[in-house]
Amino acid sequence: MKGKQTMKARLIRAVYAGNGWSFALTMAAMLGLSGFNLLISWMLQRITDLCVGQDVEPVLAMAVGTAAALAALAAVFQLMRWMSSRFARRAMRQYRELAFDEITRRGIASLGDGNMAAYISALTSDAAQVEEGYVLSLFSIVQQTVGVVGGWR
């Protein structure tokens, strides 16, 4: 069991090894997206409140501000897509390389070993689960958490 935990720890470390900038920029973009979502929600609420009044000037100013915020949101969204894709590609390449290295390092004689099955599983089906359930959803969880906390007033 201890060897299996060690393998899992090494595989998770492989996801982040040399991938710090991509992770940090993706996380910053996700936090920025959350902030922009909250800002746009507030601006739309203000536009709705201003539409009830008679003066059109504040509505136009707020509409221009909202359009600028939407343009910035699109730019940050593109940055997030690019960086998260880069992070995921590199993370999964490193994950698979480590799993493959562990398999080839052990050799044919250890095919009957229980750990060998764990390495083969890590290389195949587990890799897809790690990519979908961990690497890609990590940023989404952060964004949703910030949205929930920021939405509370």
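These numbers come from a predicted model, not from an experiment.

Novice: Looking at this structure, I do not really get the packing of aromatic side chains. What am I missing?
Specialist: Remark: the centre distance and the inter-plane angle together describe each pair of aromatic rings, the angle taken between the planes. Within the structure shown, the criterion is met by 5 aromatic pairs. Judged by centre distance (6.0 Å) and plane angle (45°), the ring pair of Tyr 16 and Phe 87 falls under tilted. With Tyr 16 in helix α1 (residues 2–16) and Phe 87 in helix α3 (residues 57–106), this pair connects stretches of sequence that are 71 residues apart. Under the relative-accessibility criterion, Phe 87 is labelled buried at 1%. By the ring-pair criterion, three or more aromatic residues cluster together here, those being Tyr 16, Phe 23, Phe 87 and Phe 139.

Novice: Would you explain the packing of helix α2 (residues 20–52) against helix α5 (residues 125–151) in this entry?
Specialist: If you want to describe how two helices pack, look at the angle between their axes and the distance between the axes. Running from N to C, α2 and α5 cross one another at 30°; their axes reach a closest spacing of 9 Å. When the axes of α2 and α5 are compared, the pair comes out roughly parallel. The handedness of the crossing between α2 and α5 comes out as right-handed. Residues Phe 23, Thr 26, Met 27, Met 30, Leu 31, Leu 33, Ser 34, Asn 37 and Leu 38 of α2 touch α5, and the partners they reach there are Leu 138, Phe 139, Ser 140, Val 142, Gln 143, Val 146, Gly 147, Gly 150 and Gly 151. Classifying every residue of the contact of α2 with α5 gives 10 nonpolar, 8 polar and no charged.

Novice: For this particular structure, what's the right way to read α2?
Specialist: Here α2 is 33 residues long and its end C-alpha atoms lie 48 Å apart, about the 48 Å a rise of 1.5 Å per residue gives. All buried positions along α2 are accounted for by Ser 22, Thr 26, Met 27, Ala 29, Met 30, Leu 33, Ser 34, Ile 40, Met 43, Ile 47 and Leu 50.

Novice: Would you take a moment to explain the pattern of salt bridges for this structure?
Specialist: Where charged atoms from two side chains of opposite charge approach closely, those side chains can pair. Across all of its chains, the model carries 1 salt bridge by this definition. For Arg 93, the salt bridge is made with Glu 97, and the minimal N-O distance between the two is 3.8 Å. Taken together, the residues span about one helical turn, with Arg 93 and Glu 97 both in helix α3 at a distance of 4 residues.

Novice: How should I be thinking about the nonpolar core in this particular structure?
Specialist: Nonpolar side chains tend toward joint burial in soluble globular proteins. Core analysis: the biggest nonpolar cluster contains 27 residues, and Val 15, Leu 33, Phe 87, Met 92, Tyr 95 and Val 135 have the highest contact counts within it. Those elements that provide at least two residues to this core are α1, α2, α3 and α5. For this core, the element with the most residues is α3, which contributes 12 residues.

Novice: How do you make sense of the side chain of Ser 84 when you look at a structure like this?
Specialist: Within the secondary structure, Ser 84 is located in helix α3. A relative accessible area of 14% means that Ser 84 is categorised as buried. In terms of polar contacts, Ser 84 uses its side chain to reach the backbone carbonyl oxygen of Arg 81, at 3.3 Å.

Novice: Can you help me understand the side chain of Ser 22 in this one?
Specialist: In this structure, Ser 22 sits in helix α2. By relative accessible area, which is 2% here, Ser 22 ends up buried. Contact partners of Ser 22, with chain neighbours within four places excluded, come to Met 83, Arg 86 and Phe 87.

About the criteria used
- Residues numbered from 1 in each chain as written.
- Predicted model: local features only at pLDDT ≥ 70, side-chain atom pairs only at ≥ 80, totals over all residues.
- Heavy atoms only, no water.
- Phe/Tyr/Trp six-rings, centres within 6.5 Å; stacked < 30°, edge-to-face > 60°.
- Helix = DSSP H or I, 4+ residues; strand = E, 2+ residues; numbered from the N terminus.
- Buried < 20%, exposed > 50% of the residue type's maximum accessible area, 1.4 Å probe, protein only.
- Axes fitted to C-alpha atoms, helices over the stretch in contact; angles between N-to-C directions.
- Parallel < 35°, antiparallel > 145°, perpendicular 65-115°, else oblique.
- Left-handed = near helix turned anticlockwise from the far one by under 90°.
- Contact = heavy atoms within 4.5 Å.
- Nonpolar A, V, L, I, M, F, W, Y, C, P; charged D, E, K, R; others polar.
- Expected span 1.5 Å × (residues − 1).
- Salt bridge = Lys/Arg side-chain N within 4 Å of Asp/Glu carboxyl O.
- Core = buried A, V, L, I, M, F, W, Y, C linked by side-chain atoms within 4.5 Å.
- Polar contact = N/O pair within 3.5 Å; in protein donor to acceptor, adjacent residues only side chain to side chain.

Don't take any of this as a statement about function, it's just geometry.
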